[in-house]
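Residue strings, one per chain:
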Amino acid sequence: MKNLSRYLIKAQEEERKKIARELHDEIGQILTAIKINLELLKRKVDKELQNQIDENINLINRAIDEVRDISLNLRPSLIDDLGLTSAIKWYVEKIKEKSNLEINYILEFDPKEFSKDFSITIFRIIQEGLTNVVRHAEATEVLLKVIQKDNEIEIFIKDDGKGFDVEQVFKDINKGRALGLLGIKERVELLNGRIEIKSEIQKGTEIRINIPLERDI
Ligand SMILES: Nc1ncnc2c1ncn2[C@@H]1O[C@H](COP(=O)(O)OP(=O)(O)OP(=O)(O)O)[C@@H](O)[C@H]1O
Ligand SMILES: [Mg+2]
């Protein structure tokens, strides 16, 4: 069972990488080409049409930004390029831009000690945890902590949102409804870690994850 999960997680990461590359290289290139064409066209037309072209250029700029964001979200090579700490910071900033959430974070670890798979797991957990807060919690504040203790790393995500019935959600998960928390749980268990979710209606949710350090996927 663990081998299957491990294989599926690897396959999913590979697939995401491929989609990210295609999005960035194919769609990104085409959008940039359209933008250049419109800029050239703009010089040849009168003022009124120029404004209309500008509106379209703005739309294309938004699409280019979206494509970049989507492919960065999909592709953990961001972790290779920037390192885990910067990748997490980048992600938190993105979430801040897109929501009205106040996010405080404490990152205290030495990613040099982590394997690539280990770093990806940590990034994915944070991604899912924060995405859930944005999508479901109606929170105003989030605290994210990623802290290295003796032989383990602890990830803590706490929001002050509306909370949820954890037991009920996990029953639904077994019926195949939501996959985010299940994905986190599987990744954590593969690394022999523990996950604890506490949630109180109208008060908020706390997720605490501890993963022993030396393991690779
Ligand atoms: N921080 C949170 N605050 C409130 N409710 C939450 C929070 N996190 C999860 N939930 C609830 O738990 C459910 C399951 O979350 P899960 O991440 O597994 O699935 P999902 O986000 O609905 O879908 P996806 O598969 O895209 O992640 C959510 O639908 C939501 O009702
Ligand atoms: Mg989710």
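These numbers were taken from a predicted model, which means no experiment stands behind them.

Conventions adopted
Residues numbered from 1 in each chain as written. Chains lettered and ligands numbered in written order. Predicted model: local features only at pLDDT ≥ 70, side-chain atom pairs only at ≥ 80, totals over all residues. Heavy atoms only, no water. Salt bridge = Lys/Arg side-chain N within 4 Å of Asp/Glu carboxyl O. Helix = DSSP H or I, 4+ residues; strand = E, 2+ residues; numbered from the N terminus. Buried < 20%, exposed > 50% of the residue type's maximum accessible area, 1.4 Å probe, protein only. Near = heavy atom within 4 Å. Polar contact = N/O pair within 3.5 Å; in protein donor to acceptor, adjacent residues only side chain to side chain. Areas by Shrake-Rupley, 256 points an atom, 1.4 Å probe, with all protein chains shown as cover. 1 Å grid on protein atoms, 1.4 Å probe; cavity = no way out; pocket = protein on both sides within 12 Å on 5 of 7 lines; lining within 4 Å. Sits in = over half its atoms within 2 Å of the grid points. Pairing = 2+ DSSP bridges. Axes fitted to C-alpha atoms, helices over the stretch in contact; angles between N-to-C directions. Contact = heavy atoms within 4.5 Å. Points joined across faces, edges and corners; volume = space filled by probe spheres on them. Nonpolar A, V, L, I, M, F, W, Y, C, P; charged D, E, K, R; others polar. Domains from an automatic or database assignment.

Draft legend 1. Spatial organisation of the pattern of salt bridges. Considering all chains together, one arrives at 19 salt bridges under this definition. Taking the shortest distance from any N to any O, the salt bridge between K94 and D69 comes out at 3.5 Å. Here K94 is found in helix 4 (residues 84-98), whereas its partner D69 is found in helix 2 (residues 47-74), with 25 residues between them in sequence. We note a salt bridge from D80 to K116, for which the minimum N-O separation is 3.7 Å. Residue D80 is found in helix 3 (residues 77-82), and its partner K116 is found in helix 5 (residues 116-137); the two are separated by 36 residues along the sequence. A relative accessible area of 47% means that D80 is categorised as partly exposed.

Draft legend 2. Spotlight on the site of ligand 1. Surrounding ligand 1, one finds 15 residues, the nearest of these being E128, N132, H136, A178 and L181. Contact distances for ligand 1 include 2.9 Å between a nitrogen atom and a side-chain N or O atom of D159. Between G180 and ligand 1, the recorded distance is 3.2 Å, taken from a backbone N or O atom to an oxygen atom. If ligand 1 stood free it would expose 590 Å²; the protein chains cover 79% of that surface. Under a 2 Å grid-point criterion requiring more than half of the atoms, the pocket assigned to ligand 1 is the second largest pocket. Counting only elements with at least two residues in the shell around ligand 1, the list comes to helix 5 and helix 7 (180-190). The greatest single-element share of the shell around ligand 1, amounting to 6 residues, is contributed by helix 5.

Draft legend 3. Representation of the sheet that holds strand 1 (residues 102-108) within the structure. Read across the open sheet, the 5 strands follow the order 1-2-3-5-4; overall the sheet is mixed. Of all the strands in the sheet, the pair left with one neighbour each is strand 1 and strand 4 (194-200). In this sheet, adjacent strand axes meet at a mean angle of 5° when their direction is disregarded. Two elements, strand 1 and strand 2 (residues 141-149), share 7 bridges in a ladder whose sense is parallel. In the sheet register, L107 faces strand 2, and the bridge partner there is V146. Contacts between helix 4 and the sheet are confined to strand 1 and strand 2, with strand 1 contributing the most and set at about 175° to the helix. Strands strand 4 and strand 5 (204-212) of the sheet are contacted by helix 7, whose axis makes an angle of about 150° with strand 4.

Draft legend 4. Representation of the layout of surface pockets in the model. Here the largest pocket defines a volume of roughly 760 Å³. Every residue lining the largest pocket is counted, 27 residues in all, and those nearest its centre are R16, R124, Q127, E128 and G180. Contributions of two or more residues to the lining of the largest pocket are made by helix 1 (2-42), helix 2, helix 4, helix 5 and helix 7. Of the residues assigned to the lining of the largest pocket, the class counts are 12 nonpolar, 7 polar and 8 charged. Viewed by domain, the lining of the largest pocket spans two of them, domain 1 (2-74) and domain 2 (82-212), each represented by three or more residues. Each pocket or cavity is described by its volume, and for the second largest pocket that value is around 480 Å³. Forming the walls of the second largest pocket are 24 residues, and the residues nearest its centre are N132, H136, F164, V169 and L181.

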